[in-house]
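Chains, contacts and geometry: an overview
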There are 2 protein chains.
Amino acid sequence: MSAPVIEKPSLRAGAFGNATGLSCRECGHQVELGPHYACPECFGPLEIAYDFPAVTREEIESGPRNIWRYKALLPVPADIETSPNTEPGFTRLLKAHNLGAELGIDNLWVKDDSTNPTNSFKDRVVACALSAAREFGSKVFACPSTGNLANAVAAAGARAGIKTVVFIPSNLEQPKQVNSAIFTESLVAVDGNYDDVNKLASEIAGEEDGWAFVNVNVRPYYAEGSKTLGYEIAEQLGWRLPDQIVIPVASGSQLTKVHKAFQELIKLGLVEDKPYRVFGAQAEGCSPVSVAYKAGVDAIRPVKPDTIAKSLAIGNPADGIYVLDICRETGGAVEDVTDDEVRDGIVLLARTEGIFTETAGGTTVAVLKKLVKTGQLDTSLETVVINTGHGLKTLDAVSGRVGPVATIAPTYAAFAATSLA
Amino acid sequence: MSAPVIEKPSLRAGAFGNATGLSCRECGHQVELGPHYACPECFGPLEIAYDFPAVTREEIESGPRNIWRYKALLPVPADIETSPNTEPGFTRLLKAHNLGAELGIDNLWVKDDSTNPTNSFKDRVVACALSAAREFGSKVFACPSTGNLANAVAAAGARAGIKTVVFIPSNLEQPKQVNSAIFTESLVAVDGNYDDVNKLASEIAGEEDGWAFVNVNVRPYYAEGSKTLGYEIAEQLGWRLPDQIVIPVASGSQLTKVHKAFQELIKLGLVEDKPYRVFGAQAEGCSPVSVAYKAGVDAIRPVKPDTIAKSLAIGNPADGIYVLDICRETGGAVEDVTDDEVRDGIVLLARTEGIFTETAGGTTVAVLKKLVKTGQLDTSLETVVINTGHGLKTLDAVSGRVGPVATIAPTYAAFAATSLA
């Protein structure tokens, strides 16, 4: 093994389940399991490599009703469910009769991750990062964030009894601060924008011993958590892959991991091999991947985000190039929508399916609609759309758009005079 | 059958599953199934009567991962899961290691209903009310509410494709209005307080044909939904009843229904018969049941609510006397806490278990703490505490209490100068 800059932690046997090492996604260089994220040879991103045993549907179905039912396919120990964690996952997969009818899609499903413990898909990835932090003996569990990730890290750390430190921009709205500070004593406001906070986090990760920054030095473990979205969709469809899937793109990690999950299920013989098309959703105000897709190029040009879909506002998406590959190879597409379309998407999903999504979900629903309108999506095929978070966290996006239809005196006569009687 | 004032709707066979009729909780008078809630003989509350078949654990366990796994024990048809609904329930039962250690309780669990579709236990009762509204052929699904119930009704109606009309006080804070208006075109603001809105709802229920007000004329069906909390706790403990359970008291319906669920499970042989103690939790600013309990009297004296625990602020609780009976008979108690203790309870649950609860949950956790301190709860016995809703809906309660520990410049030097490095 090379990688001389990398310290070798002492790990207990089975600390990472069936994971065998870290593998560079660019050059294939192998590194031992540890708190590493960049290839020491080429600086490419490291990814978990596994040696999976035979896994049966029955084994999975007899597991807990959360992401740990898939523990054999994640970099976690076999006893993971006995360590206090938020027990995320196994969220609703709802048949979207009304939204399907509205958009003209025969067979549409919504995977609703807004009902996770802290109301976004981030609970999945953070649970895997927490397991890694435990196994590395980390003393602090940390992240830079402006929203969903901060909530998930602070809550998971509280429950696990590990010290958390969460870094946010100091100008963040107070409600968002409360939603993290409620869980941790150590919310740190940083005078700067999100990029400044992120940069500071990387510096601290480099300087301080024993700090596990979920999206920095334990990122390879963290990112694997998104695979569970793919596993669940397949299992909830009755161990079957959908024909088409629409996924929001921020860093692009979620989309690549759902695709990876589908591929793993095929290889393990848990679902039938079949073609499926993967679609990425972005907001126009931060659409570097969509722009590259439409231009037919491979290089992604970073942008300065300007959109209400803050949780998708990553101007230089780390996994953008992989998203392009997957969407092109599977016959999907990457599309983007305006902020007004995002707001319409939020209201549309709420009015048709009773799901209140955040701006990221509004983006995904609006992109779904646009894909139909532009003929890029086949409306006769079974389609899944992912809702990654909760509208209660982005109330401002729609507060000007919805409200009372009437204000009346508290009498039957006043009511009878409305059009509702 | 008497009850001449009651119209008899034509119902399809099996419309209400194993329910056989409505029975007066006061005089035992029987009424046929229909949209009725008050006994025509004595005006007592009507409750669903059943003739349960044999039900096995295996049948339940093979059902859907939501409340419909218990459909044989609810007033719903056998095909209920095929009608679009929000699919609530089967929420987390978390072993509360840290909270237990903090309070000195050996074996403590939190049943967390904040992860329901609209983030409160109301999704359970509304799902049962929706089924009744469907079977009665109701054309409008409605409620008066200031919070959780409005969200649940508006969302469930949207998903079911039935028209909803939701009545709220016109001075309700805008975020709470948005959280219902997002789902329905027909949010009606009423110039008056909640009592005025409630009274108007009853008038409309009496005047208009085909309106199902969930908590008025279909209340007997609605209320049964709370039984699922009891069923789930028993099943998630491994088909076993806890020794002690702490439940918030607003109308008192939830507490009586959890007790009813435990009794049904015993009668059906699904759990072993054993003693358990039921405790009720109120906020001091609206504690009519706790006051009666402590005074050792049976009569409940209505109060004018004045507490931050708005979702518990029912000054004249309909089921208060039944709560007194149950808590006394089982050897439990009813206790109350101040608003400051409620806020502390919210922070305590968040910091120990990573669950952000609303003021009602803060009340329940604070009462749990007080019950330990006053020696009313046996800390050596297995105890369950119910969290009924989400802190994102009552952010104001704690926004002055939690926040950043430090504000720093975006440099490692600035971080290193804090106590966190």
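Residues numbered from 1 in each chain as written. Chains lettered and ligands numbered in written order. Predicted model: local features only at pLDDT ≥ 70, side-chain atom pairs only at ≥ 80, totals over all residues. Heavy atoms only, no water.

Spelled out, the test is: UniProt positions are given in the numbering used here, feature names are shortened, and annotations may be inferred rather than shown by experiment.
By the naming in an unreviewed UniProt entry, chain A goes by Threonine synthase and is assigned to Nocardioides caricicola. Database annotation for chain A, UniProt heading Sequence similarities (unreviewed entry): "Belongs to the threonine synthase family." As recorded by UniProt, the Cofactor (unreviewed entry) comment attached to chain A reads in full: "pyridoxal 5'-phosphate".

**Things to note about the overall build of chain A**
Our working rule: A helix here means a DSSP run of H or I that spans at least four residues, while a strand means a run of E at least two residues long, and both kinds are numbered starting from the N terminus. Each radius of gyration is computed over the set of C-alpha atoms, and the globule rule expresses the reference value as 2.2 Å times the number of residues to the power 0.38. Buried means the residue's accessible area, taken with a 1.4 Å probe over protein chains only, is under 20% of the maximum for its type, while exposed means over 50%, and partly exposed covers the values in between. Contacts were defined at the residue level, with two residues in contact if any of their heavy atoms lie within 4.5 Å. Each accessible area is a Shrake-Rupley result for a 1.4 Å probe, and residues are judged covered by the shown protein chains and nothing else. Charge assignment in this entry is limited to Lys and Arg as positive and Asp and Glu as negative, and neither His nor the chain termini are counted. A single reference atom marks each charge: NZ on Lys, CZ on Arg, CG on Asp, CD on Glu.
Along chain A, the regular secondary structure elements total 15 helices and 14 strands. The globule rule puts the C-alpha radius of gyration for 421 residues at 22 Å, and the 22 Å found for chain A is close to it. Taken along its principal axes, the extent of the C-alpha atoms in chain A is 80 × 50 × 45 Å. For chain A, the residues scored as buried account for 62% of the 421 residues in total. At a minimum sequence separation of 6, the contacts of chain A that also span at least 24 residues come to 70%. When the accessible surface of chain A is summed, it comes to about 14,800 Å², and 48% of that surface belongs to carbon and sulfur atoms. For chain A, the distance from the average position of its 38 positive side-chain charges to the average position of its 51 negative side-chain charges is 3 Å.

**Comments concerning the environment of Leu-46 of chain B**
Residues and elements named next belong to chain B. Of note, Leu-46 is situated in strand E3 (residues 46-50). For Leu-46, a relative accessible area of 7% gives the class buried. Sequence separation of Leu-46 and Ser-23 is 23 residues, and the distance between their C-alpha atoms is 5.3 Å. Not counting the four nearest positions on each side in its chain, Leu-46 is found in contact with Leu-22, Ser-23, Cys-24, Val-31, His-36, Tyr-37, Ala-38, Cys-39 and Pro-220.

**Observations regarding the pattern of salt bridges**
Residues and elements named next belong to chain A. Let me state the cut-off plainly: The term salt bridge refers to a side-chain nitrogen of Lys or Arg lying within 4 Å of a carboxyl oxygen of Asp or Glu.
With the rule as written, the count across this model stands at 54 salt bridges over all chains. Put simply, Arg-12 and Glu-135 hold a salt bridge, and the shortest N to O gap is 2.9 Å. Of the two residues, Arg-12 sits in the segment before strand E1 (19-24) while Glu-135 sits in helix H3 (residues 122-135), which places them 123 residues apart along the sequence. Residue class for Glu-135 comes out buried when judged on its relative accessible area of 13%. With its nearest N and O atoms 2.5 Å apart, the salt bridge here joins Glu-235 to Arg-69.

**So, the confidence of the model for chain A**
Condition: Within a predicted model, pLDDT stands for the predictor's per-residue confidence, ranging from 0 to 100.
Averaged over all residues, the pLDDT of chain A is 95; the fraction at 70 or higher stands at 98%. Low pLDDT, under 50, characterises residues 1-6 of chain A; the stretch is placed with 9 contacts to residues that sit more than four places away or in other chains.

**Details of the sheet that holds strand E4 (residues 93-95) of chain A**
Sheet strands pair by backbone hydrogen bonding; their relative direction is either parallel or antiparallel. Residues and elements named next belong to chain A. Where we set the bar: In this analysis, strands are considered paired if DSSP registers two or more bridges between them. Note on geometry: axes are lines fitted to C-alpha atoms, helical ones only across the stretch in contact, with angles between N-to-C directions running from 0 to 180 degrees.
Strand order across the open sheet formed by 6 strands is E4-E5-E13-E10-E11-E12, with mixed pairing between neighbours. Of all the strands in the sheet, the pair left with one neighbour each is E4 and strand E12 (333-337). When the angles between neighbouring strand axes are averaged without regard to direction, this sheet yields 25°. Note that strand E5 (residues 108-112) and strand E13 (residues 383-387) share 5 bridges and pair parallel.

**Looking at the sheet that holds strand E8 (residues 187-190) of chain A**
Read from one edge of the open sheet, 5 strands run E9(A)-E6(A)-E7(A)-E8(A)-E14(B), paired in parallel fashion. Among the strands making up the open sheet, the edge pair consists of strand E9 (211-213) of chain A together with strand E14 (406-408) of chain B. Between one strand and the next, the sheet's axes are offset by a mean angle of 25°, whatever the strand orientation. Direction of pairing for strand E6 (residues 140-144) of chain A relative to E9 of chain A: parallel, over a ladder of 3 bridges. Each bridged residue has a counterpart across the sheet, and for Ala-142 of chain A the counterpart in E9 of chain A is Phe-213 of chain A.

**Some thoughts on the interface of chain A and chain B**
For clarity, the cut-off: A quick way to say it: buried area is the sum, across both parts, of accessible area lost when two parts are put together, with a 1.4 Å probe. Polar contact is the term for a pair of N or O atoms within 3.5 Å; when the atoms are in protein, one must be able to donate a hydrogen and the other to accept it, and sequence-neighboring residues count only if both atoms are side-chain atoms. Only Asp, Glu, Lys and Arg are considered charged, only Ala, Val, Leu, Ile, Met, Phe, Trp, Tyr, Cys and Pro nonpolar, and every remaining residue, Gly among them, polar.
On the side of chain B, 78 residues touch chain A, which itself brings 78 residues to the contact. Summing the contributions of chain A and of chain B, the shared interface buries around 6,400 Å²; its carbon and sulfur component is 62%. The largest per-residue losses of area from chain A upon contact with chain B belong to Arg-159, Ile-182 and Tyr-412 of chain A, which jointly make up 11% of the total buried on that side. Taken together, the links from chain A to chain B amount to 2 salt bridges. For Glu-353 of chain A, the salt bridge is made with Arg-159 of chain B, and the minimal N-O distance between the two is 2.5 Å. For the pair chain A and chain B, the number of links is 30 residue pairs in polar contact (both at pLDDT 80 or more). The residue inventory of the side of chain A that touches chain B, partitioned by class, reads 41 nonpolar, 21 polar and 16 charged. Sheet topology places strand E14 (residues 406-408) of chain A next to strand E8 (residues 187-190) of chain B; 3 bridges connect them, and they run parallel.

**Section: the relation of the copies chain A and chain B**
Worth spelling out the cut-off: We superpose the copies by least squares over the C-alpha atoms of residues that have a pLDDT of at least 70 in both of them.
Note on the copies: chain A fits chain B at an RMSD of 0.0 Å, the axial shift is 0.0 Å, and the rotation between them is 180°. Here the two chains are linked by the operation of a two-fold rotation axis. It is Thr-115 of chain A whose C-alpha, among those of chain A, lies nearest the rotation axis, at 2.5 Å. Most of the interface of chain A is mirrored in chain B: 100% of its interface residues are interface residues there too.

**Concerning helix H9 (residues 253-267) of chain A**
Residue and element names in this part refer to chain A. This is how it is decided: Any helix carries an expected span of 1.5 Å times its number of residues minus one.
Compared with an ideal rise of 1.5 Å per residue, which puts 15 residues at 21 Å, H9 spans 21 Å between its outermost C-alpha atoms and is within 8% of the ideal. Buried residues dominate H9, accounting for 13 of its 15 residues. Taken from the residues just after H9, Gly-269 is the one with a positive phi, measuring 75°.

**Observations regarding the domain arrangement of chain A**
The extent of an interface is frequently quoted as the accessible surface area lost upon association of the parts. Residues and elements named next belong to chain A. Rules: In this document the domain limits rely on a domain assignment from an automatic tool or a database.
Under the domain assignment, chain A is made up of domain 1 (1-51), domain 2 (93-119 + 226-399) and domain 3 (122-219). Across the contact, 16 residues belong to domain 2 and 11 residues belong to domain 3. A combined buried area of about 1,100 Å² lies between domain 2 and domain 3, and 38% of that area is made up of carbon and sulfur atoms. Taken as a group, Thr-118, Ser-226 and Lys-393 account for 46% of the area that domain 2 buries against domain 3, more than any other trio of residues on that side. Remark: the boundary between domain 2 and domain 3 carries 2 salt bridges. Taken together, the links from domain 2 to domain 3 amount to 8 residue pairs in polar contact (both at pLDDT 80 or more).

**Structural notes on the packing of aromatic side chains**
Basically, it comes down to this: Two rings from Phe, Tyr or Trp (for Trp, the six-membered ring) form a pair when their centres are within 6.5 Å of each other. A pair whose planes differ by under 30 degrees is stacked, one over 60 is edge-to-face, and the rest are tilted. The criterion is that NZ of a Lys, or CZ of an Arg, lies within 6 Å of the ring centre and within 35 degrees of the ring normal, and then a charge sits over that ring.
For the structure on display, the rule yields 26 aromatic pairs over all chains. Summarising the aromatic geometry, the rings of Phe-16 of chain B and Tyr-221 of chain B are spaced 5.0 Å apart at their centres and angled 40° between planes, so their arrangement reads as tilted. Note that Phe-16 of chain B is positioned in the segment before strand E1 (19-24) and Tyr-221 of chain B in helix H7 (residues 219-224), a separation of 205 residues in sequence. Tyr-221 of chain B carries the same exposure label as Phe-16 of chain B, and that label is buried. Taken together, Phe-167, Trp-211 and Phe-213 of chain A together with Tyr-412 and Phe-415 of chain B form an aromatic cluster joined through their ring pairs. Positioned above the aromatic ring of Phe-90 of chain A, the side-chain terminus of Arg-69 of chain A is 4.0 Å from the ring centre.

**What to know about the packing of helix H8 (residues 227-236) of chain B against helix H9 (residues 253-267) of chain B**
All names here are of chain B. As a reminder, the rule being used: Under this scheme an angle from 65 to 115 degrees is roughly perpendicular, one under 35 degrees roughly parallel, and one over 145 degrees roughly antiparallel; angles in between are oblique. Note: crossing handedness is left-handed where the near helix turns anticlockwise from the far helix by less than a right angle, and right-handed where it turns clockwise.
One way to put it is that H8 packs onto H9 with a least axis distance of 7 Å and a crossing angle of 50°. Here H9 runs oblique to H8, going by the angle between their axes. Crossing hand, H8 versus H9: right-handed. Across the interface between the two elements, Lys-227, Leu-229, Gly-230, Tyr-231 and Ala-234 of H8 pack against Gln-254, Lys-257, Val-258, Lys-260, Ala-261, Phe-262, Glu-264 and Leu-265 of H9. Split into classes, the residues belonging to the contact of H8 with H9 amount to 7 nonpolar, 2 polar and 4 charged.

**Things to note about the pairing of strand E3 (residues 46-50) of chain A**
Bridging between E1 of chain A and E3 of chain A involves 5 bridges; their strand directions are antiparallel. If you follow Ser-23 of chain A over to E3 of chain A, its bridge partner there is Glu-47 of chain A.

**Looking at the nonpolar core**
Stated formally: Nonpolar core, defined: a set of buried Ala, Val, Leu, Ile, Met, Phe, Trp, Tyr and Cys residues in which side-chain atoms within 4.5 Å join the residues together.
Val-246 and Leu-368 of chain A together with Phe-141, Ile-182 and Tyr-221 of chain B are the most contacted members of the largest nonpolar core, which totals 74 residues. Of all the elements, helix H4 (residues 148-160) of chain B adds the most residues to this core, at 7 residues. Listed in part, the 50 residues of the second largest apolar core include Val-126, Leu-130, Cys-143 and Ala-152 of chain A.

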